[in-house]
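Notes for the structure review
Residue-level listing of the chains:
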Amino acid sequence: MPENNLVYDYVVIGGGTAGSVIASRLTENPDVTVAVIEGGPSDVGREDVLTLRRWMGLLGGELDYDYPTTEQPRGNSHIRHSRARVLGGCSSHNTLIAFKPLPSDWDEWEAAGARGWGSVSMEAYFPRLKNNIVPVDEKDRNAIARDFVDSAHGALGVPLVEGFNRKPFTEGVGFFDLAYHPEDNKRSSASVAYLHPVMDERSNLTILLETWAYRLELDGTRAEGVHVRTADGEERLIRARREVVVCAGAVDSPRLLLHSGIGPRADLDALGIPVVHDLPGVGENLLDHPESVIVWETHGPLPENSAMDSDAGLFVRRDPEHQGPDLMFHFYQIPFTDNPERLGYQRPEFGVSMTPNIPKPRSRGRLYLTSADPSVKPALDFRYFTDEDDHDGRTLVDGIRIAREIARTEPLASWLKREVCPGPEILGDAELSAYARKAAHTVYHPAGTCRMGAADDRLAVVDPELRVRGLEGLRIADASVFPTMPAVNPMIGVLMVGERAVDLIGGGA
Ligand SMILES: Cc1cc2nc3c(=O)[nH]c(=O)nc-3n(C[C@H](O)[C@H](O)[C@H](O)COP(=O)(O)OP(=O)(O)OC[C@H]3O[C@@H](n4cnc5c(N)ncnc54)[C@H](O)[C@@H]3O)c2cc1C
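Everything numeric in this text was worked out from a predicted model, so none of it was measured. (Residues numbered from 1 in each chain as written. Predicted model: local features only at pLDDT ≥ 70, side-chain atom pairs only at ≥ 80, totals over all residues.)

This next bit is on the site of the ligand. Residues in close proximity to the ligand total 39 residues, the closest being Gly-14, Gly-16, Gly-89, Asn-94 and Met-491. Mapped onto the shell around the ligand, the elements with two or more residues apiece are α1 (17–26), β10 (212–219), α7 (249–259) and α12 (491–505). With 4 residues, the top contributor of residues to the shell around the ligand is α7. Classifying every residue of the shell around the ligand by side-chain character gives 18 nonpolar, 16 polar and 5 charged. (Near = placed C-beta within 6 Å. Helix = DSSP H or I, 4+ residues; strand = E, 2+ residues; numbered from the N terminus. Nonpolar A, V, L, I, M, F, W, Y, C, P; charged D, E, K, R; others polar.)

Spelled out as structure tokens, the structure:
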């Protein structure tokens, strides 16, 4: 490729969930050129990726960056964080549960210094999304999931919800909305909805696949471009006339900044990485939605219909003062025993699971480098269950007790033969907490590592315009900019960040 082809108006690093939105929207203007640097291959024609129900087959496979966690003294040290290496990013890999963040989630961001990101202004971005967001289709509603919904309603008195995105809620049980095409169970991921319809037609959109960005190029305080390595090992500098937009996700965006000398001075010095810009917040504020699991054996095999094996869920508010729900559950129509098996439990042949989840976790972790070599994975220390008053641990204990109440209630009760884990003999707070934390897993929602905040907030990485503080020509737009975790699953929030980023960049159609 001749050298002069390597200059574009915008260079978008990461063709994932937010990156697909931004690249697609910016190139609606035919006078704007965009290069997308994507570490993975295309998802076009890949049935293993495009078929929603095959999501579990992607975990740990060739399209997964598969990040380990550091030792977690109060949690599960064996958790692997899947991050997708494919066009569409994690929206090509995930379960596509589609929740518009609650008004209280956006208002919390604004209160944390993200001026302009409050619920009233963010409302406009949800209708702009191009994804096909629909409730789990009737044909995909498994009989046992329907009975879970009825039992949770009966046991707890929470409202039955048909369409969680219709209005804000604090409690409720029902089938999820998903970003999918029910007729053939195909994804409506960010790449499917935003890139597939235009990627062969727009000459102003260049997608460089299997290309890894390893260091930003800065001239003084201005981002000029990014150094990349192609699949065949060639190194190139891709330049941006206007801006570099980093959309590499909550693990790889801070990782790229750190390898570019943008981050906490002492850490960079210790690794011998020349400091370009001392920005102490890079990698801090690592958030996640941890959850635990309670598993039952069923009397026999279950009906097979489903959208993706976890189609219904429950939200509870234990504390009436809390803004929004403070406990969530996914219901799995499978015995989800990967973590309990490590603790000695056995997977039943047929079974179901409920996974109590912490919507607003209080523990805060940290991502950091252990080597100046950009090919070495960063360390992810989530510091799970380390919050001072043990809000996070207690939430899981409450969750297991509530799950048992639902399981005792008809019509679900008749399906269930026995509780497999933690097991009916585990009753006390301390024992339940120990089990819940050691069997905990992630629903793969890392966020917050380049958090947005007020322009004078020392630990904020980007300002409310998503510009990296103290530098020019460089924005970040992905899950890393989340100041706090939404109470609901984050993908729609990430897509909305993408849509708003385009408004802030102002270079699109
Ligand atoms: C298994 C799983 C299930 C999930 N289920 C749900 C769900 O049901 N609902 C929900 O709301 N959320 C879910 N999530 C979370 C959600 O998918 C993510 O929060 C969201 O997609 C993150 O978007 P992003 O744009 O920040 O990053 P990503 O979508 O991960 O995009 C990052 C992109 O950047 C590329 N990249 C990274 N580094 C580089 C580099 N250095 N050079 C070049 N390219 C690079 C990657 O290949 C990737 O394409 C799930 C996640 C997973 C993994």
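Here the narrative resumes, following the displayed structure.
This paragraph deals with α12. Here α12 is 15 residues long and its end C-alpha atoms lie 21 Å apart, about the 21 Å a rise of 1.5 Å per residue gives. With 13 of 15 residues buried, α12 lies mostly within the body of the structure. Immediately downstream of α12, the backbone of Gly-506 shows phi near 75°, a positive value. (Expected span 1.5 Å × (residues − 1). Buried ≥ 20, exposed ≤ 12 C-beta atoms within 10 Å, placed from the backbone.)

A separate point is the packing of helix α10 (residues 391–407) against helix α11 (residues 429–438). In a pair of packed helices, the angle between the axes and the distance between the axes together describe the arrangement. Interhelical geometry of α10 versus α11 gives an angle of 105° and a closest axis separation of 9 Å. Classified by the angle between their axes, α10 and α11 sit roughly perpendicular to one another. Across the interface between the two elements, Gly-393, Leu-396, Val-397 and Ile-400 from α10 touch Asp-429, Leu-432, Ser-433, Ala-436 and Arg-437 from α11. Class assignment of the residues belonging to the contact of α10 with α11 gives a composition of 5 nonpolar, 2 polar and 2 charged. (Axes fitted to C-alpha atoms, helices over the stretch in contact; angles between N-to-C directions. Parallel < 35°, antiparallel > 145°, perpendicular 65-115°, else oblique. Contact = placed C-beta atoms within 7 Å.)

What follows deals with the UniProt feature "domain: Glucose-methanol-choline oxidoreductase N-terminal" (unreviewed entry) in the protein chain. In this structure's numbering, the residues bearing the UniProt feature "domain: Glucose-methanol-choline oxidoreductase N-terminal" (unreviewed entry) are residues 249–263. Secondary structure within residues 249–263 divides into 73% helix and 13% strand; the distance between the first and last C-alpha atoms comes to 16 Å. (UniProt positions renumbered as here; feature names shortened; annotations may be inferred.)

Here the UniProt-annotated "binding site: FAD" (unreviewed entry) positions come out as Val-86. When you line up the elements, Val-86 lands in the loop between β4 (80–81) and α3 (103–111). The class of Val-86 is buried, set by 27 C-beta atoms lying within 10 Å. With residues near it in sequence (within four places) discarded, Val-86 still touches Gly-40, Pro-41, Asp-43, Val-49, Leu-63, Ser-92 and His-93.

Our next topic: the sheet that holds strand β5 (residues 133–135). What the 3 strands build is an open sheet, ordered β5-β7-β8; its pairing is antiparallel. Each edge of the open sheet is held by one strand with a lone partner, namely β5 and β8 (186–187). Where β5 and strand β7 (residues 177–181) come together, 3 bridges link them in antiparallel fashion. For Pro-135, the partnering residue across the bridge sits in β7 and is Asp-177. (Pairing = 2+ DSSP bridges.)

The subject of this paragraph is the environment of Ser-480. Within the secondary structure, Ser-480 sits in the loop between β24 (474–476) and α12. C-alpha of Ser-480 to C-alpha of Thr-449: the two residues are 31 residues apart in sequence and 4.8 Å apart in space. Apart from residues no more than four positions distant in its own chain, Ser-480 is found in contact with Gly-249, Ala-250, Ser-253, Pro-254, Ala-447, Gly-448, Thr-449 and Cys-450.

Take the pairing of strand β2 (residues 34–37) next. Both faces of β2 are covered, namely the face carrying Val-34 and Val-36 and the face carrying Ala-35 and Ile-37. Pairing geometry for strand β1 (residues 7–13) and β2, over 4 bridges, is parallel. Bridge pairing in β2 places Tyr-10 opposite Val-34. With respect to chirality, the unit in which β1 leads through α1 into the neighbouring parallel β2 is right-handed. Pairing of β2 with strand β9 (residues 205–208) involves 4 bridges; the strand directions are parallel. Bridging across to β9, Val-34 finds its partner in Leu-205. (Right-handed = clockwise from strand over helix to strand, strands pointing away.)

Moving on: the domain arrangement of the protein chain. Assigned domains within the protein chain: domain 1 (1–71 + 79–133 + 186–285 + 443–509) and domain 2 (137–175 + 290–360 + 385–439). Just the C-alpha atoms count here: the centres of domain 1 and domain 2 sit 32 Å apart. With 12 residues of domain 1 in contact, the opposing surface of domain 2 contributes 14 residues. Along the lines of polarity and charge, the residues of the side of domain 1 that touches domain 2 split into 8 nonpolar, 2 polar and 2 charged. (Domains from an automatic or database assignment.)

Val-11, Ile-13 and Ile-22 are the most contacted members of the largest nonpolar core, which has 156 residues in total. Tallying contributions element by element places α12 first for this core, with 9 residues. When residues of this core are assigned to domains, at least three map to each of domain 1 (1–71 + 79–133 + 186–285 + 443–509) and domain 2 (137–175 + 290–360 + 385–439). When near neighbours in sequence (up to four residues on either side) are disregarded, Val-11 contacts Ala-35, Ile-37, Gly-225, Val-226, Ile-238, Ala-240 and Val-244. (Core = buried A, V, L, I, M, F, W, Y, C linked by C-beta atoms within 7 Å.)

Here the focus is the environment of Leu-268. On the secondary structure map, Leu-268 appears in helix α8 (residues 265–271). On a C-alpha basis, the gap between Leu-268 and Thr-95 in space is 36 Å, while along the polypeptide they are 173 residues apart. Excluding residues that lie within four positions of it along the chain, Leu-268 makes contacts with Leu-258, Gly-261, Gly-263, Ile-273 and Val-275.

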